[in-house]
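Listed below are the residues making up each chain.
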Amino acid sequence: MIGLAGATLVACADKSIPPRQLAGADPARGLALIEAEGCAACHAIPGVKWPRGAVGGSLAGFAGQSTLGGRFPNRPDTLAAWLRDAPAMAQDTAMPASGLTESQARDVAAYLYTLDAD
Ligand code: HEC
């Protein structure tokens, strides 16, 4: 988690969101990890047919969002940290920490960044 505070401080005010690149990350591996981790128990996630949980909200169109969890910039580094340990970033969140490694979290982030609004 060291370095995260810096990452959140440089929140970009730019409203146009560029495509987000995660070097070496694999969205297909990310989707498999999403299924293995059971993210869909809490989130409706395009590409995952079942389940379609509602506790965490739908992740459809996530790539087009400027914020993450309503309070952090939606950036690859911040997202990967969130996916590994959301409570470390937001104590009051209902999103649990996962067992994802850093490289697995980057794969999952790469998949989430394929979820465009349409
Ligand atoms: C036990 C339920 C639960 C599980 C399991 C879960 N989440 Fe979440 N997730 C939540 C909740 C609740 C929020 C909203 C948190 C907040 O805003 O504080 C959230 C927020 C998020 C967000 C931010 C959404 C936004 O619109 O900003 C993403 C991305 C996300 N989750 C992805 C995942 C992924 C990927 C997994 C699997 C590794 C996962 N979640 C597993 C409950 C869950």
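Worth saying up front: this structure is predicted, and the values here are computed from it rather than measured. (Residues numbered from 1 in each chain as written. Predicted model: local features only at pLDDT ≥ 70, side-chain atom pairs only at ≥ 80, totals over all residues. Heavy atoms only, no water.)

Draft legend 1. Just helix H2 (residues 27-37), in detail. Along H2, the residues classified as buried are Gly30, Leu33 and Ile34. End-on, the buried residues of H2 take up no more than an arc of 105°, which puts them together on one face. The outward face of H2, more than 90 degrees from its buried face, is lined by the exposed residues Ala28 and Ala36. Residues of H2 that are buried in the fold lie against helix H4 (102-112). Once H2 ends, the next one or two residues include Gly38, with phi positive near 75°. (Buried < 20%, exposed > 50% of the residue type's maximum accessible area, 1.4 Å probe, protein only. Helix = DSSP H or I, 4+ residues; strand = E, 2+ residues; numbered from the N terminus. Arc of directions from axis to C-beta. Contact = heavy atoms within 4.5 Å.)

Draft legend 2. Structural view of the site of the ligand. If you check the shell around the ligand, you find 22 residues, and the closest are Cys39, Cys42, His43, Arg71 and Met95. With respect to the detected pockets, the ligand is housed in the largest pocket. (Near = heavy atom within 4 Å. 1 Å grid on protein atoms, 1.4 Å probe; cavity = no way out; pocket = protein on both sides within 12 Å on 5 of 7 lines; lining within 4 Å. Sits in = over half its atoms within 2 Å of the grid points.)

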